[in-house]
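Notes for the structure review
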Number of protein chains: 2
Amino acid sequence: MNDSLLYDIDILKDFSANILLKTGVENQNAEIITESLICADLRGVKSHGIVRLPTYIERIEKGVLDPCAKMEFEKNFAAVALLNARNGFGQVAGYMAMKAAMDKAGTYGIGMVGVRNSNHFGIASYYSMLAMNENMIGIVLTHASPAIAPYGTKKPLLGTNPISIAVPAGKEIPIVLDMSMSVVARGKIRYAALTGEEIPFGWALDAEGKPTTNPQEALKGSLIPIGGVKGSGLSLIVDILCGILTDSCLTGEVKNITDTNGPSNTGHIFCAVNISSFIDVERFKTNIDAVIRKIKSLPAIDNNDIYTPGEIEHNLEKKRRKEGLPVERDVIKTLNSLAERYGVARL
Amino acid sequence: MNDSLLYDIDILKDFSANILLKTGVENQNAEIITESLICADLRGVKSHGIVRLPTYIERIEKGVLDPCAKMEFEKNFAAVALLNARNGFGQVAGYMAMKAAMDKAGTYGIGMVGVRNSNHFGIASYYSMLAMNENMIGIVLTHASPAIAPYGTKKPLLGTNPISIAVPAGKEIPIVLDMSMSVVARGKIRYAALTGEEIPFGWALDAEGKPTTNPQEALKGSLIPIGGVKGSGLSLIVDILCGILTDSCLTGEVKNITDTNGPSNTGHIFCAVNISSFIDVERFKTNIDAVIRKIKSLPAIDNNDIYTPGEIEHNLEKKRRKEGLPVERDVIKTLNSLAERYGVARL
């Protein structure tokens, strides 16, 4: 049985930071990485939360992620820049890059910063919300290891390539879109394979590129992109921006976070748009609120609740900040064995 | 029977420009509008081609589109700007805005120009390719009249909200994505309704928000967005950027091109990213070529041909530039009656 225990957020943060510090991560960077992990857990995106800490640490131990990387802006030209993450933490690169994009947006109205030679950066909306909290629209893209077959082909080459766009609201809950380009995450198919259930048509293709309801066959095949040819195209564009524009790596060459055979060679794009360069910020927020209320007042299918992008995550974060964060017993066990190995206090 | 006649492109261009000039459109603007229409026809996007000319003219005649609008940059701040199209042609606004975004990208590395109080601008990739042809990545968004119900609701509020992103290649055919946020265009459902065929599940919802295969019920309902909740979110983001950031109109308020009860109040976003601010342009193009070849060498489902985004349209354009543009007899008839009314030479 794998039930959960509720933890105070500060306890989890201290735990994460302490482990990271032991691996040589600088104080401020340990905080950034920890904030990103806890942000994911608070918002219910468990797969990018503290459960990932052992995976990151393993990458450090295997020498395929540099915890002390000295990141450097290789290009820095007016409203754009290119940050070389030098195989350091994606979270540290992401934070630096989004902050730089925001600075540029303040000066030029928009800022766009590419990152090369980076690693998995966790939850994309952590960065888009940094911009949102400063009255900017935050846009974040990253590419990922092959999972989606380009339209019409049998072989995964494109990543799920998530994007996040965060838009500030006034009194209403802000709009925070955070989505991948596949209909579902591979995790859902893995889960179905474990439990022996069928998956719906429309989730995955088998190794021959045919739609399948068999999760085992699906895992040998590829994830179906949203809208078929459309999601395939969008995923390719994200790949081009994150991989080729940043001079990181070509489509299909990003390593999975669990593949410790070498640096993951990930690229990201961070963009901030300064709302006040276009429209009075209060007017913008009033109008966003009006649109949110308009959507929420529409007739619902089957009288279900209607949610705007990011609303469920926002509500969950609020609840968890108050009540604490649930961590599953098997995750606690793994984290505690990590703690013992690094000589820090157990959870 | 509605077969087609092949026309020389210059003849069609002259025809379109002559009609537009008669309505008071300036010479240079008549050229831009014409280029956009012919671009759509060349690339096989008939719905945005010369068949639309009578619809635009009708808007002028009904006083809901100003052919002589004096467009003006209301805001112009470093890398961003906001153009007030003053209810003029979307094509003219789009051309001005993308050119301004490209100028800014040359100076600042990136440029983003919003347009407000505009109209239908035709084919989005016409503008993204302007940037592409100058070694930039062109990004274009527009919102549209309600067609998609926000996820979980029964009522169309969001537009199909197309985006286009164009990326230059070296020797290979460039990547030109041009897509709406619905699984299919409403035109396909209208066609099925006319021919009495069923539509596949996954295209549309009925008025109660339930999936339907009945095209009549679908037309009373809404178009399903790509990836369901994901496409709904993406469409909302496009709406926010094009409508609220530009101070054009709120989500759900854009008028359809055929609705002559008032100005359409459309907004657009044009963005150009200067590739050379990030990476040597030749290296970028070499890598794009490598990725295109990689995709095209993948094993195909059922040994079909594999196409990259924009490839089919590129090939069609090449063929039609050589052989001429097919125009259906009933379209010729409508265009000729327009010609007679405005006293210009018939097709």
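Right above here is the structure, for reference.
Attention in this report is confined to the structure presented alongside it. (Residues numbered from 1 in each chain as written. Chains lettered and ligands numbered in written order. Predicted model: local features only at pLDDT ≥ 70, side-chain atom pairs only at ≥ 80, totals over all residues.)

**Comments concerning the pairing of strand β4 (residues 110-118) of chain A**
Residue and element names in this part refer to chain A. Counting buried residues in β4 gives 9 out of 9 residues, a clear majority hidden from the surface. Two strands pair when backbone bridges link them, and strand β3 (residues 80-84) and β4 are joined in this way by 5 bridges, in the parallel orientation. Paired with L83 across the bridge in β4 is V115. Following the backbone out of β3, through helix α4 (residues 90-108) and into the adjacent parallel β4, one traces a crossover that is right-handed. Inspection of the sheet shows β4 paired to strand β10 (residues 266-274) by 7 bridges, in the antiparallel sense. Bridge pairing links M112 to C271 in β10. (Buried ≥ 20, exposed ≤ 12 C-beta atoms within 10 Å, placed from the backbone. Helix = DSSP H or I, 4+ residues; strand = E, 2+ residues; numbered from the N terminus. Pairing = 2+ DSSP bridges. Right-handed = clockwise from strand over helix to strand, strands pointing away.)

**Observations regarding the pairing of β3(A)**
Residue and element names in this part refer to chain A. Among the 5 residues of β3, 5 are classified as buried, and the element is accordingly described as predominantly covered. Here β3 shows two buried faces, one formed by V80, L82 and N84 and the other by A81 and L83. The pairing of strand β2 (residues 72-77) with β3 spans 5 bridges and is classified as antiparallel. Across the sheet, F77 pairs through a bridge with V80, a residue of β3. In sequence, β2 turns back onto β3 through a hairpin of 2 residues, with A78 there showing a positive phi of about 50°.

**Brief notes about the interface of chain B and chain A**
Residue-level contacts link 61 residues of chain B with 60 residues of chain A. Mapped onto the side of chain B that touches chain A, the elements with two or more residues apiece are β2 (72-77), β3 (80-84), α4 (90-108), β4 (110-118), β6 (163-167), β7 (175-179), α8 (229-244) and α9 (281-296) of chain B. In terms of residue count, the dominant contributor to the side of chain B that touches chain A is α8(B) (8 residues). Grouping the amino acids of the side of chain B that touches chain A by side-chain chemistry returns 40 nonpolar, 15 polar and 6 charged. (Contact = placed C-beta atoms within 7 Å. Nonpolar A, V, L, I, M, F, W, Y, C, P; charged D, E, K, R; others polar.)

**Some points on the sheet that holds β4(A)**
All names here are of chain A. Strand order in the open sheet formed by 7 strands is β2-β3-β4-β10-β5-β6-β7, and the pairing between neighbours is mixed. The sheet is open, and its two borders are formed by β2 and β7 (175-179), each paired with just one other strand. Taken over all neighbouring pairs, the strand axes of this sheet differ in orientation by 10° on average, direction set aside. Judged from the 7 bridges that link them, strand β5 (residues 136-142) and β10 form a sheet pairing that is antiparallel. By the bridge assignment for β10, V140 is matched with F270. (Axes fitted to C-alpha atoms, helices over the stretch in contact; angles between N-to-C directions.)

**Thoughts on the packing of helix α1 (residues 9-22) of chain A against helix α2 (residues 27-42) of chain A**
All names here are of chain A. Between α1 and α2, the least distance of the axes is 9 Å, while the angle of their chain directions is 135°. Our classification of the angle between α1 and α2 gives oblique. Every pair of crossing elements has a handedness; the one defined by α1 and α2 is right-handed. Touching I9, L12, K13, S16, A17, L20 and L21 of α1 are N27, A30, E31, I33, T34, L37 and I38, all from α2. (Parallel < 35°, antiparallel > 145°, perpendicular 65-115°, else oblique. Left-handed = near helix turned anticlockwise from the far one by under 90°.)

**Side note on the nonpolar core**
Counting residues in hydrophobic clusters, the biggest one holds 222 residues, and the most contacted among them are A101(A) and A101(B). Setting aside residues no more than four positions away along its own chain, A101(B) makes contact with G111(B), M112(B), V113(B), F270(B), C271(B) and A272(B). (Core = buried A, V, L, I, M, F, W, Y, C linked by C-beta atoms within 7 Å.)

**Some details on the relation of the copies chain B and chain A**
With an RMSD of 0.0 Å, chain B superimposes on chain A once it is rotated by 180° and translated 0.0 Å along the axis. Both copies are brought into coincidence by an operation consistent with a two-fold rotation axis. Interface residue correspondence from chain B to chain A reaches 98%, placing this contact among same-surface, isologous pairings. (Least-squares fit on C-alpha atoms with pLDDT ≥ 70 in both.)

**Re α9(B)**
Taking 1.5 Å as the rise per residue, α9(B) with 16 residues should run 22 Å; its terminal C-alpha atoms sit 22 Å apart, in good agreement. Among the structural elements, α8 (229-244) of chain A together with β6 and β7 of chain B are those in contact with the buried residues of α9(B). (Expected span 1.5 Å × (residues − 1).)

**A few points about α8(B)**
Over its 16 residues, α8(B) extends 21 Å from the first C-alpha to the last, a length consistent with the 22 Å expected when each residue adds 1.5 Å. Most of α8(B) is tucked away, with 15 of its 16 residues classed as buried.

**A look at the environment of V25(A)**
Residue and element names in this part refer to chain A. Inspection of the secondary structure puts V25 in the loop between α1 and α2. According to the C-beta neighbour criterion, V25 is buried, with 25 such atoms within 10 Å. For the pair V25 and F89, spaced 64 residues apart in sequence, the C-alpha to C-alpha distance is 9.2 Å. For V25, the contacting residues outside a window of four places in its chain are L20, A30, I33 and P67.

All we've got here are geometric facts, nothing functional implied.
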